[in-house]
Amino acid sequence: MLQLNVKNETSRLRAVVLGSAVDNGPTPTAEEAYDPKSLEHILAGTYPTEEDMVHEMEAFNEVFKKYDVKVFRPERIENYNQIFTRDIGFVIDDIFIKANILPDRERELDAIQYVIDQMDPTKVVRPPDDVHIEGGDVMLWNDYIFIGTYKGSDYKEYITARTNMAGVNYIKELFPHKIVKEFDLVKSKMEARDNALHLDCCFQPIGDNMGIIYKSGFREESDYRYLLKLFGKENLFHITREEMYHMNSNVFSIAPNVVVSEKNFTRLNAWLREKGFTVEEIPYAEIAKQEGLLRCSTLPLLRD
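## Points about the side chain of Glu-134
With respect to the helices, strands and loops of the structure, Glu-134 is situated in the loop between strand E5 (124-125) and strand E6 (138-141). On the accessibility criterion, Glu-134 (2% relative accessible area) is buried. Here His-198 takes part through its side chain, which lies 2.7 Å from a polar atom of the side chain of Glu-134.

See the structure below:
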């Protein structure tokens, strides 16, 4: 039986599902793009190659090996993007929640069924069809569950709007003992620099009491101020619009003092080291062209 336990973003990691870039398929057409950043690179002819993405994901895998983390990988689907496992499911406490993702990505869940089969079936849940929620929008912080959403009346017109208020309410009902706080995120179908695809594109806790944040990713300033008050301004690293575009808030914690980060995040990585973190730098800039980074390509199953 696979033990599940995830209560925050930073406790020592013991088991994780890491996505895969093997047999990733051809470059999508513009019509197939799920987000504005992928579209930008498809149109520019700079969409990442499978070879480069496999290389980057293996660099991530090597860091997990270094820290003796048990790594599961999805079973291979021919000609299919299986990088972003965070979208397809997530663990809160000891419950595995299957995400109601975009319908044509359902096969990604099937590819990790062998992992789900090792879980206590009473601890695996699937939300009702009207509930939309993806792991990139769900951020755990001990007694708190932070959830990114989009409250605009045009929700259905935005493929970049991934978690609805029904999703927020579903989590509130499932975890009544937690403080569930939703954040209304800025969305754009056309400009990646103004699109917080998920909450982890504009905010993520690190360490015991710190975080990385992009103020303009929140539609309501009160949401930003909520986090400012909770964490303290001195404990938050504020990223710029360009740094948000390059996914600086989408790092991944292996332990409270160990952060895996993209090697080009010069300003952030220097700040992390100044604050006493061990920073494991790896190349991930090609995968970032799909508007996802390190947190997006992991699905933590067990933390201390």
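Let us keep going from here.
## Remarks on the sheet that holds strand E2 (residues 70-72)
Pairing is mixed across the open sheet formed by 3 strands, whose spatial order is E2-E1-E15. Every interior strand has two partners, whereas the edge strands, E2 and strand E15 (298-303), have only one. Each strand axis lies, on average, 20° off the axis of its neighbour in the sheet, ignoring direction. The strands touched by helix H2 (residues 50-66) within the sheet are strand E1 (13-18), E2 and E15, with E1 carrying the most contacts at an inclination of about 160°.

## Some remarks on the nonpolar core
Counting residues in each nonpolar core, the largest one holds 59 residues, and the members touching the most others are Phe-60, Phe-64, Phe-146, Leu-199, Phe-203, Ile-206 and Phe-218. In terms of residues, this core owes the most to one element, H2, which gives 6 residues. Excluding its chain neighbours within four sequence positions, the residues that come into contact with Leu-199 are Gly-136, Asp-137, Met-139, Phe-146, Ile-147, Gly-148, Phe-183, Leu-185 and Phe-218.

## Some thoughts on the pairing of strand E4 (residues 95-98)
Going residue by residue along E4, you find Ile-95 and Ile-97 tucked away on one face and Phe-96 and Lys-98 tucked away on the opposite face as well. The sheet contact formed by strand E3 (residues 89-92) and E4 spans 4 bridges and is antiparallel. Bridge pairing in E4 links Phe-90 to Ile-97. Between E3 and the antiparallel strand that follows it, E4, lie 2 residues; Asp-93 among them carries a positive phi value of about 55°. Where E4 lies against E5, 2 bridges are found, and the strand directions are parallel. Residue pairing in the sheet places Ile-97 in a bridge with Val-125 of E5.

## Digging into the pairing of strand E13 (residues 258-262)
The side chains of a regular strand alternate, residue by residue, between the two faces of the sheet. Counting buried residues in E13 gives 5 out of 5 residues, a clear majority hidden from the surface. The pairing of strand E12 (residues 252-255) with E13 spans 3 bridges and is antiparallel. Bridging from a neighbouring strand, Ala-255 pairs with Val-258 of E13. Here E12 folds back onto E13, and the loop between the two strands holds 2 residues. Where E13 lies against strand E14 (residues 278-282), 5 bridges are found, and the strand directions are parallel. Within E14, the position partnered with Glu-262 by the bridge is Ile-282. Tracing the backbone out of E13, into helix H8 (residues 266-274) and back to the parallel element E14 gives a crossover that is right-handed.

Definitions and cut-offs
- Residues numbered from 1 in each chain as written.
- Predicted model: local features only at pLDDT ≥ 70, side-chain atom pairs only at ≥ 80, totals over all residues.
- Heavy atoms only, no water.
- Helix = DSSP H or I, 4+ residues; strand = E, 2+ residues; numbered from the N terminus.
- Buried < 20%, exposed > 50% of the residue type's maximum accessible area, 1.4 Å probe, protein only.
- Polar contact = N/O pair within 3.5 Å; in protein donor to acceptor, adjacent residues only side chain to side chain.
- Pairing = 2+ DSSP bridges.
- Axes fitted to C-alpha atoms, helices over the stretch in contact; angles between N-to-C directions.
- Contact = heavy atoms within 4.5 Å.
- Core = buried A, V, L, I, M, F, W, Y, C linked by side-chain atoms within 4.5 Å.
- Right-handed = clockwise from strand over helix to strand, strands pointing away.

This is a description of form; function is not addressed.
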